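Here are the chains, one letter per residue:
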Amino acid sequence: PFAIQDVVATLLRHLDRQPLPGAARGPVTAPPAGPLPVFDLAGALERLGGDEELLFTILPVFRGNLEKAALEIAAIGGTSPGQLSRLMHSVKGMAGNLGALELAALAGEAELLAREGNPDACAAIVPRIEAAIAAVLQAVAQQFRDSELW
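Conventions we followed
Residues numbered from 1 in each chain as written. Predicted model: local features only at pLDDT ≥ 70, side-chain atom pairs only at ≥ 80, totals over all residues. Heavy atoms only, no water. Helix = DSSP H or I, 4+ residues; strand = E, 2+ residues; numbered from the N terminus. Buried < 20%, exposed > 50% of the residue type's maximum accessible area, 1.4 Å probe, protein only. Contact = heavy atoms within 4.5 Å. Areas by Shrake-Rupley, 256 points an atom, 1.4 Å probe, with all protein chains shown as cover. Axes fitted to C-alpha atoms, helices over the stretch in contact; angles between N-to-C directions. Parallel < 35°, antiparallel > 145°, perpendicular 65-115°, else oblique. Left-handed = near helix turned anticlockwise from the far one by under 90°. Core = buried A, V, L, I, M, F, W, Y, C linked by side-chain atoms within 4.5 Å.

*Asks:* Would you mind going over the overall build of the chain in detail, with residue names and values included?
*Replies:* Counting secondary structure elements, the chain contains six helices and zero strands. Taken from the N to the C terminus, the helices and strands of the chain come in the order α-α-α-α-α-α. By residue count, 37% of the 150 residues in the chain fall in the buried class. Contacts in the chain between residues far apart in sequence, at least 24 positions, make up 64% of those at least 6 positions apart. Of the roughly 8,500 Å² that the chain leaves accessible, carbon and sulfur atoms contribute 57%.

*Asks:* Describe the packing of helix α3 (residues 52–76) against helix α4 (residues 81–97), with residues and values.
*Replies:* Running from N to C, α3 and α4 cross one another at 160 degrees; their axes reach a closest spacing of 11 Å. In terms of their interaxial angle, α3 and α4 are classed as roughly antiparallel. Note on packing geometry: the crossing formed by α3 with α4 is left-handed. Of the residues in α4, those touching α3 at Phe 62, Asn 65, Leu 66, Ala 69, Glu 72, Ile 73 and Ile 76 are Gln 83, Leu 84, Leu 87, Met 88, Val 91, Met 94 and Ala 95.

*Asks:* Give me the lowdown on the nonpolar core, citing residues and values where you can.
*Replies:* Leu 55, Phe 62, Leu 66, Met 88, Val 91, Leu 103 and Ile 129 are the most contacted members of the largest nonpolar core, which has 35 residues in total. Mapped by element, the contributors of at least two residues to this core are α2 (41–47), α3, α4, α5 (101–115) and α6 (119–144). Those residues within four positions of Phe 62 in sequence are excluded, and the remaining contacts are Met 94, Ala 95, Leu 98, Ala 100, Val 136 and Val 140.

Printed below as a string of structure tokens:
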């Protein structure tokens, strides 16, 4: 996952400009010990520099991308490890960046299995991925249902 402050600081450094004071951040808070959260709001906000409005701008896109990924996963199943690997790489990135840590970890596992080219292992993990996507969509909707920005 990336943090917006790091992106800005890197761009400014490469443009021979100094980042604004406080633009670079300290290390991202480690995920909680134990089971990974379905949706880590604090981590997502931290990676976006605390900008709630930006988070609420990104979340509908995230939701749409996850819904599309769920349809693609259902269509692919375990029949095309190459396609599943590429799709899981995308899901892993978007989930990790927006605090869906459990889904990101599972997508990473699925990506590795798909790279190994084992259709049976891919078929076995697909229902877990679908359940994780559904859990993230539900958690995000629940978290922001009452927000005026959602």
